[in-house]
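Listed below, chain by chain, are the residues.
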Amino acid sequence: MTVHKGRGFACINYPIGMNLGGDPSQALVHSTPDGKFMVSLSSIDLGQGMKSVTRQIAAETLGVPVADVYVDTADSDTGPHCMGSFASRGTHRVGNAVIRAATEARKALLEAAAEELEVNTADLETDGQGNIHVKGAPTRTITVADTAIAAQFKQGRTLSGRGIFLIPPSDVDPDTGEMTPVSCFAHAALVVDLEVDDETGEVTVNEINSAYEVGRALNPRLVEQQLIGGAWMGVSHALYETTEPYYPDRNHGPEDFNAYLMPGPGEVVDHNIAVLERPAEDAPFGGKGPGEMCANPVLPAIANAVYNAVGVRCDTLPITPERVLRGLLANGGARPQGVR
């Protein structure tokens, strides 16, 4: 029995969203009577941090504290239209819609404050702490809460905004039909170090090192957590998750998550991440979001590392011990591809 070390590399260019029918997302923003703001979306938070990021985007655009912004992801019946939470489009598409809606709501907010302070709207600025000031006159101020009260109970104003983001139609080459289906790309490179036991066929991941270009990390801790969790999801796809050989026959196969084979917390390994920021011109504050590319490069990187370790090229997932052993048998034993 010999345990062979292997290293595998993979890199990807990942398209953000799509360009079918403009890939639209809409957002609504309105103030409550006490000066808080509600962002209404039909873009569902699947655990990727949609609510947190759109809350930050709205607060930054409105010029109010994050604590004064709430996000409601109700459903497609009661919320504004959205294409959906898929294709890694949330931060880019929905974030842009939120900026436009919050910009309109901010305009109404400043107009109401200007009426109360008897100044021009252009003379006002927000401090991000819940106050609106007259530029150059720090003592002349009104709170966002008092402005909302005045607007709704005195002036008869609605402090609200609507926003929609569409991808412009792509030019089409008349000769080839070539076009651009997306507006921007995210990028990643990932290295996996692992071991392969040539007697049992077992693959053990030891360490992951990666670099992700996500535009701008609007919430660095959320980005890091998503990259780590997504990479381990990729490990699970690459090495564990399957219903074979019984699918679609359920007999003797896993019927729930108690029997379904997945790695647990004990299998999580060190993952060193470099987040590279290159703000995208058409993205909300430059952020594109990591999305599905968290998991994508892990699968080919593990396959390449197994080949590097023992010379078995696995082109079917998951890379089970059985598949590794069959590959070793066909090769006449392990064939390491080089020592690191």
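Counting from 1, residues in each chain are numbered in the order their sequence is written. In keeping with the model being predicted, local features are shown solely for residues with a pLDDT of at least 70 and side-chain atom pairs are shown and tallied solely at 80 or more, while totals for entire chains, interfaces and linings include all residues. Computation of side-chain values covers all heavy atoms of the structure but excludes hydrogens and water.

A.B. asks: Tell me what's going on with the overall build of the protein chain, and back it up with residues and numbers.
C.D. replies: The helix count covers DSSP runs of H or I at least four residues long, the strand count covers runs of E at least two residues long, and both are numbered beginning at the N terminus. When helices and strands are counted, the protein chain shows 6 helices and 11 strands. On C-alpha atoms alone, the protein chain measures out to a radius of gyration of 26 Å, which is more than a quarter above the 20 Å that the 2.2 N^0.38 rule sets for 340 residues. Along the three orthogonal principal directions, the C-alpha set of the protein chain runs to about 85 × 55 × 45 Å. Using a 1.4 Å probe on the protein chains alone, a residue whose accessible area is under 20% of its type maximum counts as buried, one over 50% counts as exposed, and one in between counts as partly exposed. Among the 340 residues that make up the protein chain, the fraction classed as buried is 46%. Should any heavy atoms of two residues lie within 4.5 Å, those residues are counted as being in contact. When contacts within the protein chain are restricted to residue pairs at least 6 apart in sequence, long-range pairs at least 24 apart make up 75% of them. The globule rule used for comparison is 2.2 Å times the number of residues to the exponent 0.38, while the radius of gyration itself is calculated over C-alpha atoms.

A.B. asks: Would you mind going over the layout of surface pockets in detail, with residue names and values included?
C.D. replies: Method remark: on a 1 Å grid restricted to protein atoms, a set of points is classed as a cavity if a 1.4 Å probe fits but cannot get out and as a pocket if it is open with protein on both sides within 12 Å along at least five of seven lines; lining residues have an atom within 4 Å of a point. Grid points are joined across faces, edges and corners, and a volume is the space filled by probe spheres set on the points. By volume, the largest pocket is sized at about 690 Å³. As for the largest pocket, its lining consists of 36 residues, of which Gln48, Gln226, Pro290, Gly291 and Glu292 are closest to the centre. Secondary-structure elements contributing two or more residues to the lining of the largest pocket are α1 (50-62), α2 (90-117) and α4 (220-239). When residues are grouped by polarity, Ala, Val, Leu, Ile, Met, Phe, Trp, Tyr, Cys and Pro land in nonpolar, Asp, Glu, Lys and Arg in charged, and all others, Gly among them, in polar. Split by residue class, the lining of the largest pocket holds 14 nonpolar, 18 polar and 4 charged. Approximately 230 Å³ is the volume attributed to the second largest pocket. If you go around the second largest pocket, you meet 13 residues; those closest to its centre are Glu202, Val203, Thr204, Leu239 and Tyr240.

A.B. asks: Quick rundown of the state of the cysteines? Include the residues and the values.
C.D. replies: The term disulfide is used for any two cysteine sulfur atoms that are within 2.5 Å. Under the definition given, this model contains 0 disulfides. Counting only cysteine sulfurs, Cys294 is the nearest neighbor of Cys11, a cysteine outside any disulfide, at a range of 16 Å. A disulfide-free cysteine, Cys82 has its sulfur positioned 16 Å from the sulfur of Cys184, the nearest such atom.

A.B. asks: Account for helix α5 (residues 298-310), naming residues and giving values.
C.D. replies: If you check α5, its first and last C-alpha atoms are 18 Å apart, about what 13 residues at 1.5 Å a residue would give, namely 18 Å. Among all positions in α5, only Val298, Ala301, Ile302, Ala303, Ala305, Val306, Asn308, Ala309 and Val310 are buried. Buried positions along α5 lie against β1 (3-15), β9 (185-197), β10 (203-213), α4 and α6 (321-331). Trailing α5 by a residue or two, Gly311 shows a phi angle of about 80 degrees, which is positive. For a helix, the expected span equals 1.5 Å multiplied by the number of residues minus one.

A.B. asks: For the nonpolar core, give the residues involved together with the corresponding values.
C.D. replies: Take the buried Ala, Val, Leu, Ile, Met, Phe, Trp, Tyr and Cys residues and link them wherever side-chain atoms come within 4.5 Å; each set so joined is a nonpolar core. Ranked by internal contacts, the top residues of the largest apolar core, which has 41 residues, are Phe37, Val39, Leu62, Val69, Val98, Leu124 and Ile132. Only β2 (25-31), β3 (37-41), α1, β4 (69-73), α2, β6 (131-134), β7 (137-143) and α3 (144-155) provide two or more residues apiece to this core. Element by element, the count of residues in this core is highest for α2, at 14 residues. With near-sequence residues (within four places) excluded, Val98 lies in contact with Ala27, Val39, Leu41, Thr54, Ile57 and Ala58.

A.B. asks: Run through the pairing of β3, naming residues and quoting values.
C.D. replies: Most of β3 is tucked away: 4 of the 5 residues are buried. Following DSSP output, two strands are said to pair if at least two bridges run between them. Of the pairings in the sheet, the one linking β2 to β3 comprises 4 bridges and is antiparallel in character. By the bridge assignment for β3, Ser31 is matched with Phe37. In sequence, β2 turns back onto β3 through a hairpin of 5 residues, with Gly35 there showing a positive phi of about 85 degrees. Looking at chain direction, β3 and β4 are connected through 5 bridges and run parallel. Across the sheet, Met38 pairs through a bridge with Tyr70, a residue of β4. With the strands aimed away from the viewer, a crossover counts as right-handed if its path from the first strand over the helix to the second runs clockwise. Between the parallel elements β3 and β4, the chain passes through α1 in a crossover that is right-handed.

A.B. asks: So what about the environment of Arg157? Which residues, and what values?
C.D. replies: Among the structural elements, Arg157 can be located in the loop between α3 and β8 (160-165). On the basis of relative accessible area, Arg157 is assigned to the partly exposed category, the value being 28%. Separated by 45 residues in sequence, Arg157 and Ala112 have C-alpha atoms that sit 7.5 Å apart. For the purposes of these results, a polar contact is taken to be a pair of N or O atoms within 3.5 Å, where, inside protein, one atom must be able to donate a hydrogen and its partner to accept one; residues adjacent in sequence count only when each atom of the pair is a side-chain atom. Separated by 2.7 Å, the side chains of Arg157 and Gln155 make a polar contact.

A.B. asks: Let's hear about the packing of aromatic side chains: which residues, and what values?
C.D. replies: Centre distance within 6.5 Å is the pairing criterion for rings of Phe, Tyr and Trp, where only the six-membered ring of Trp is used; planes under 30 degrees apart are then read as stacked, over 60 as edge-to-face, and the remainder as tilted. Within this structure, the stated rule accounts for 0 aromatic pairs. Look at NZ for Lys and CZ for Arg. If either is within 6 Å of the ring centre and within 35 degrees of the ring normal, a charge sits over the ring. For the cation-ring pair, Arg313 lies above Tyr307, with the distance from its terminal atom to the ring centre recorded as 4.0 Å.

A.B. asks: A description of the sheet that holds β9 should follow, citing residues and the corresponding values.
C.D. replies: If you trace the 4 strands from one edge of the open sheet to the other, you get β1-β9-β10-β11, paired in mixed fashion. The outermost strands of the open sheet, each flanked by one partner alone, are β1 and β11 (270-276). Adjacent strand axes in the sheet meet at a mean angle of 15 degrees when their direction is disregarded. Bridge count between β10 and β11: 7 bridges; the pairing is parallel. Across the sheet, residue Tyr212 finds its bridge partner in β11, namely Val275. Each axis is a line fitted through C-alpha atoms, taken for helices only over the stretch in contact, and angles between the N-to-C directions span 0 to 180 degrees. On the sheet, α5 packs against β1, β9 and β10 and is oriented at approximately 150 degrees with respect to β1.

A.B. asks: Describe the packing of α4 against α5, with residues and values.
C.D. replies: With their axes 8 Å apart at the nearest point, α4 and α5 run at an angle of 55 degrees to one another. Considered as vectors, α4 and α5 are oriented oblique to each other. Crossing angle aside, the handedness with which α4 passes α5 is right-handed. Contacts between α4 and α5 involve Ala231, Gly234, Val235, His237, Ala238 and Leu239 on the former and, on the latter, Val298, Leu299 and Ile302. Its residues placed into classes, the contact of α4 with α5 shows 7 nonpolar, 2 polar and no charged. An angle counts as roughly parallel when it lies under 35 degrees, as roughly antiparallel when it exceeds 145, as roughly perpendicular when it falls between 65 and 115, and as oblique in every other case. Take the far helix as the reference: if the near one is turned anticlockwise from it by less than a right angle, the crossing is left-handed, and if turned clockwise, right-handed.

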